Amino acid sequence: MGAKGNGLTSMKNMEKELLCPVCQEMYKQPLVLPCTHNVCQACAREVLGQQGYIGHGGDPSSEPTSPASTPSTRSPRLSRRTLPKPDRLDRLLKSGFGTYPGRKRGALHPQVIMFPCPACQGDVELGERGLAGLFRNLTLERVVERYRQSVSVGGAILCQLCKPPPLEATKGCTECRATFCNECFKLFHPWGTQKAQHEPTLPTLSFRPKGLMCPDHKEEVTHYCKTCQRLVCQLCRVRRTHSGHKITPVLSAYQALKDKLTKSLTYILGNQDTVQTQICELEEAVRHTEVSGQQAKEEVSQLVRGLGAVLEEKRASLLQAIEECQQERLARLSAQIQEHRSLLDGSGLVGYAQEVLKETDQPCFVQAAKQLHNRIARATEALQTFRPAASSSFRHCQLDVGREMKLLTELNFLRAPEAPVIDTQRTFAYDQIFLCWRLPPHSPPAWHYTVEFRRTDVPAQPGPARWQRREEVRGTSALLENPDTGSVYVLRVRGWNKAGYGEYSEDVHLHTPPAPVLHFFLDGRWGASRERLAISKDQRAVRSVPGLPLLLAADRLLTGCHLSVDVVLGDVAVTQGRSYWACAVDPASYLVKVGVGLESKLQESFQGAPDVISPRYDPDSGHDSGAEDATVEASPPFAFLTIGMGKILLGSGTSSNTGLTGRDGPTAGCTVPLPPRLGICLDYERGRVSFLDAVSFRGLLECPLDCSGPVCPAFCFIGGGAVQLQEPVGTKPERKVTIGGFAKLD
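In this convention, every chain numbers its residues from 1, walking through the sequence in written order. At least 70 in pLDDT is required for a residue's local features to be given in this predicted model, at least 80 for side-chain atom pairs to be given and counted, and no such filter applies to totals for whole chains, interfaces and linings, which use all residues. Only hydrogens and water are set aside when side-chain values are computed; all heavy atoms of the structure are taken into account.

The name given to the chain in an unreviewed UniProt entry is Tripartite motif-containing protein 5, and the organism recorded there is Saimiri boliviensis boliviensis. As stated in UniProt under Pathway (unreviewed entry), the record for the chain gives "Protein modification; protein ubiquitination." In its Subcellular location (unreviewed entry) section, UniProt records this for the chain: "Cytoplasm, Cytoskeleton". UniProt positions are given in the numbering used here, feature names are shortened, and annotations may be inferred rather than shown by experiment.

See the structure below:
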């Protein structure tokens, strides 16, 4: 009884899954759209009719019809259906769809039927046949029928065409495949029409085909096309449409899909506690959102009130300044008016002057008129050069609030920083990992950044990937110290400001060197000619300048010439372990050799800087000299990689990457392009030297080496050329020379 009650409750709770997205009612003859969503057949017909498609609602003989699917006898309930938005329909009509109703199928440019799916809001292509090329979802129909039976307590079959509330069905029609009440049966079987000849039957809800039929060939579907993700019949298999596609029997597809669905459903049912926990978390998030939203409203209101208070204070201050200026001007103008009124006849200064002029006593007149004359002179001058004592204009009190208005108009919520852009030109891994980035041009500023990184070549742990974090990084670069050698790191970064964290940048993958990085400087004391070699002050770069011998070689190329070999060694000798270093060779270099060799042999061979004949002379007597390899079985004392004119000459070594020059790997004498940086990896115990592309860490060449003594990095020049050692990412080390395991500072 409990299980039965739970099943009934489950059926009642899934009603929203059985509602058509167009009419918001129970599905009736649902069709499966190419986007896997469902829609009632009648609703689909009406939507196509709204778009102007005529004659593409499907062939009545191909699918069972009902009165609701006949445009001329639509049910009154269809008037309440919510159709797709008019702007989507107008957009489709303007793009050309629906403007050619009734186009023949044999036209040169067949009409493509587009259907606006109301569920995913996307425009799906129905093909040339429209709804006639879609399958009915019989499984969904059966679920709807079981749901109706579970909801209807008495088990009564209701009329499918009545307005709500529907009446109990009294008749059924096998040809219409619908159940009717008496009134609806008369309405949809009018007298004098062909439908009036339909024989009524008892009401039932089982008006469905026994199986799915192919809409193209009216055959039962027997296979499933994995490429098209569509059920097909025997005739569909031999059509060119499915040529070369992966087609399996429908039984196999049924079993595979059922197993997947069962497994997923079992997982969900077995993790009901997790689902309930997540529901509680979401409910807590809803409550927190309500509280946070209210706090945000109060903060915004407080800030806006603060802006209003500042504006009110500023308004009072500006008005006070205008008032003071106005009073000052009025006082000056009032004084000037009084002065001019004294100049009127019979009043003030003029009257007093007239009385003084009546004085006949000369000494007394002179005494009184002296001061009066000065006043009359000033009044006369003021009268002749009249100008108001103060301006009546207040233009100097005008405010320019354009910038402030723009700021207030643009006042908006603070946005989090956009995803940073990794600067791949400056980001690299050497002794340490250096990551550099920048924000997009119109991104909000970031107060600090968070850098996350992890190794990708370690066994995956269960659960989400675990990232290591570097919090509150100031600036736009970060240094990750002590990375593991021979590993691949993935890094990403995101910014933070008061609005929170922004989006992550794109992941960048960096390869670390295969061995610990060897730090050294260039030492030009052995075999280096100061006239032809120029070593930089930091002793990390060297340039060879071609001198007179090379000019003579160019002039007497056919008669023989003598070229000098200039050699620069590193100031560190390796006596154990594995070491790695990188350098960049100028692509315009004439001939440069980069490699390693026994320190004693290098000093012995190049102490006197011998001359050689021909620019193609091999100065190393080492591994890449094929003639010597044929006669000497022991490991050579030198291993060099030859570079010239932007190319690398691969000698008779062992290639580490078969994809560089061919399927079977490079052969002796072939060339490959020069990468931006070259890497050299020395394994002292194994007596092997590997040359790598220092950017992608692809192997170029691997050679044996005699490691019976200290081994030094070496660089040989014939003609013009330049080499730059890669700078260490971290602090530059002290210059030191290591011989036989002992360190000596210069």
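From this point on, the discussion continues.
(A) Spotlight on the sheet that holds strand S28 (residues 638-644). Strands are treated as partners if at least two bridges between them are detected by DSSP. Under the DSSP-based scheme used, a helix requires at least four consecutive residues in state H or I and a strand at least two consecutive residues in state E, with every element numbered from the N terminus. Sheet architecture is open: seven strands sit in the order S20-S24-S34-S26-S28-S29-S30, paired in antiparallel fashion. One side of each edge strand has no neighbouring strand; the edge strands of this open sheet are strand S20 (522-523) and strand S30 (671-673). Note: S28 against strand S29 (residues 647-649), three bridges, orientation antiparallel. Looking at S29, one finds that glycine 644 is bridged to lysine 647.

(B) Spotlight on the layout of surface pockets. Residues are called lining when one of their atoms sits within 4 Å of a cavity or pocket point, these points coming from a 1 Å grid over the protein atoms alone, where a cavity is a set in which a 1.4 Å probe fits but cannot get out and a pocket is an open set with protein on both sides within 12 Å along at least five of seven lines. Grid points are joined across faces, edges and corners, and a volume is the space filled by probe spheres set on the points. Size it by volume and the largest pocket reaches roughly 2200 Å³. What lines the largest pocket is a set of 49 residues, among which Phe135, Tyr224, Gln229, Arg230 and Leu231 lie closest to the centre. With eleven residues, helix H7 (residues 250-270) is the largest single contributor of residues to the lining of the largest pocket.

(C) Inspection of the packing of aromatic side chains at higher detail. The rule is short: rings of Phe, Tyr and Trp, with Trp giving its six-membered ring, pair when the centres are within 6.5 Å, and they are stacked under 30 degrees, edge-to-face over 60, tilted in between. Tallied over the entire structure, the rule returns nine aromatic pairs. Arranged with centres 6.1 Å apart and planes meeting at 35°, the rings of tyrosine 580 and phenylalanine 697 form a pair that is tilted. Of this pair, tyrosine 580 sits in strand S25 (residues 578-585) while phenylalanine 697 sits in the loop between strand S32 (688-693) and strand S33 (699-704); the two residues are 117 residues apart in sequence, bridging distant segments of the chain. Accessible area is worked out with a 1.4 Å probe on protein chains only. A residue is then buried under 20% of its type maximum, exposed over 50%, and partly exposed in between. Judged by relative accessible area, which is 18%, phenylalanine 697 ranks as buried.

(D) Molecular detail of the packing of helix H9 (residues 349-357) against helix H10 (residues 362-384). With their axes 11 Å apart at the nearest point, H9 and H10 run at an angle of 150° to one another. In this view, H9 runs roughly antiparallel relative to H10, as classed from their interaxial angle. Helix-helix and strand crossings are classified by hand; for H9 and H10 the assignment is left-handed. Here Leu349, Tyr352, Ala353, Val356 and Leu357 of H9 come into contact with H10, specifically with Phe365, Ala369, Leu372, Arg375, Ile376 and Ala379. Each residue receives one of three labels: charged for Asp, Glu, Lys and Arg, nonpolar for Ala, Val, Leu, Ile, Met, Phe, Trp, Tyr, Cys and Pro, and polar for the others, Gly being one of them. Here the residues of the contact of H9 with H10 sort into ten nonpolar, no polar and one charged. Geometry is summarised by axes, namely lines fitted to C-alpha atoms with helices restricted to the contacting stretch, and by angles between N-to-C directions that run from 0 to 180 degrees. Throughout this description, any angle smaller than 35 degrees is read as roughly parallel, any larger than 145 degrees as roughly antiparallel, any in the 65 to 115 degree range as roughly perpendicular, and the remainder as oblique. Should the near helix be turned anticlockwise from the far one by less than a right angle, the crossing is left-handed, and should it be turned clockwise, the crossing is right-handed. The contact criterion used throughout is that any non-hydrogen atoms of two residues lie within 4.5 Å.

(E) Structural detail: the sheet that holds strand S8 (residues 223-225). Read across the sheet, three strands follow the order S9-S8-S10 without closing on themselves; strand pairing throughout is antiparallel. At either end of the open sheet lies a strand with only one pairing partner, and these are strand S9 (230-232) and strand S10 (247-249). Strand-to-strand, the axes of this sheet are offset by a mean angle of 35°, without reference to chain direction. In terms of strand pairing, S8 meets S10 through three bridges, oriented antiparallel.

(F) Quick look at a nonpolar patch on the surface. To count toward a patch, a residue needs a relative accessible area above 30% and no salt bridge. Like charges then connect within 9 Å, nonpolar side chains (Val, Leu, Ile, Met, Phe, Trp, Tyr) within 5 Å. Note on areas: Shrake-Rupley, 1.4 Å probe, and residue coverage restricted to the protein chains presented here. One side-chain nitrogen of Lys or Arg within 4 Å of one carboxyl oxygen of Asp or Glu is enough to make a salt bridge. On the surface, a nonpolar cluster with roughly 620 Å² of combined accessible area is contributed by Leu307, Leu318, Leu399, Val401, Met405, Leu408 and Leu411. Those elements that provide at least two residues to the nonpolar patch are helix H8 (272-341) and helix H11 (402-409). Among the secondary structure elements, leucine 307 is positioned in helix H8. Judged by its relative accessible area of 39%, leucine 307 is partly exposed.

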